[in-house]
Every structure is written in structure tokens, then in C-alpha cells.
Amino acid sequence: TTTLAASLAYYTSLSLAPTLVLFVTITAQFSPGLQKVFLVEAQKLVGQEGAMALKLIIDNAKERPDLTNLAGILGFATLLLSASMIFGEFRFALNKIFSCREEAAPSTGIFGTIFGVVKARLFQVGLALSFLFMMTVSLIISSIISSPI
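Residues numbered from 1 in each chain as written. Predicted model: local features only at pLDDT ≥ 70, side-chain atom pairs only at ≥ 80, totals over all residues. Heavy atoms only, no water.

1. Overview of the overall build of the chain
Phase 1 of the analysis: Regarding its fold elements, the chain presents four helices and zero strands.
Phase 2 of the analysis: For the chain, the N- to C-terminal ordering of α and β elements is α-α-α-α.
Phase 3 of the analysis: Per-residue burial for the chain yields a buried fraction of 26% across its 149 residues.
Phase 4 of the analysis: Long-range contacts, defined as pairs at least 24 residues apart, comprise 76% of the intrachain contacts of the chain with a sequence gap of at least 6.
Phase 5 of the analysis: Accessible surface for the chain amounts to roughly 10,300 Å². Of this, 70% is attributable to carbon and sulfur atoms. (Helix = DSSP H or I, 4+ residues; strand = E, 2+ residues; numbered from the N terminus. Buried < 20%, exposed > 50% of the residue type's maximum accessible area, 1.4 Å probe, protein only. Contact = heavy atoms within 4.5 Å. Areas by Shrake-Rupley, 256 points an atom, 1.4 Å probe, with all protein chains shown as cover.)

2. Structural notes on the nonpolar core
Phase 1 of the analysis: Counting residues in each nonpolar core, the largest one holds 22 residues, and the members touching the most others are Phe23, Phe38 and Leu54.
Phase 2 of the analysis: For this core, the elements supplying multiple residues, two or more each, are helix H1 (2-30), helix H2 (33-62), helix H3 (70-97) and helix H4 (110-146).
Phase 3 of the analysis: Not counting chain neighbours up to four residues away, the residues in contact with Phe38 comprise Leu20, Phe23, Leu54, Ile58 and Leu139. (Core = buried A, V, L, I, M, F, W, Y, C linked by side-chain atoms within 4.5 Å.)

3. Quick word on unusual backbone geometry
Excluding glycine, a negative phi dihedral is what most residues carry, and trans is how most peptide bonds are arranged.
Phase 1 of the analysis: One non-glycine residue, Ser99, lies in positive phi territory at about 55 degrees.
Phase 2 of the analysis: In this structure Ser99 comes out as exposed when scored by relative accessible area, which is 63%.

4. Looking at the confidence of the model for the chain
Phase 1 of the analysis: Per-chain confidence: the chain averages 75 in pLDDT, with 80% of residues scoring 70 or above.
Phase 2 of the analysis: Of all secondary-structure elements in the chain, the lowest mean pLDDT belongs to H1, at 71, while H4 reaches the highest, 80. (pLDDT = per-residue confidence, 0-100.)

See below:
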């Protein structure tokens, strides 16, 4: 389990940048002030140096190509795919740590196998998107609660 704990820590640190880039993209659509609130909340959790690293990631994400051109769309799809694959690794490691058994997929030929892989990837993308949604909603609620009345 120490190997799995190390892999979870590695994947957590590896998933930070793509998840933040997706988060910055989503929150930029709502309000640029949400990014400032996020940095203030992050500074409370991880300290000044950690908040500076997050600010650097956010500043670099703002300089990426716009999502309206082909490079931006491919970059967004790549970020979403990498974030979803990291969530898949989380799921595998946590299932192994807690001794959860995977249900064996029925062998229905090549199309069944392809369908199983696509279904698993869609589930992982859904996990990544739901995590981003929860992170955004949590930040909005936190900023509403902490704002002066």
C-alpha cells in the first residue's frame, strides 16, 4: 500500500496543473473575481509559497491559445483527457487499497471491448468534470459567505 500511496501523491501533484487550467477556463466565463477568491482561499490552505505557485499556473493558463481556434480545442480536449486518466488511476489505486473488486466485463468480442473502454473513459471524464463543478460551486459559495454584507 505504500507504493499505492506514493502513486496517489504523484498523480495528485501531476493532476494539479491540468485541473487548474480547466478551472481557470470555467471560472473565467463566470467572473474574473472568482480567480482572486480562489487564490485567497488557496493561500489559507497551502500558505504563501503554494499560493504563488498556483498563481503562476493560473497566469500561464491565461496565456494559452483561445478556445475558439483548433489549437485551443485540442488543448482543452487533451487537458480533459489527462485529467480523466488521472481520475482513473485514482479509482484503480483506491479500489486496490480498499480491496474492492472490479466487475468482470463480459467478453462480447471486439465491439464489446471497445464499448467497455469508451464507457470507462466517459466515466473518468465525468469524474473530472464533476470534480471541477464541485470545485467551482464550492468557491462561489465560499466567496458569497466571506463577502461583506
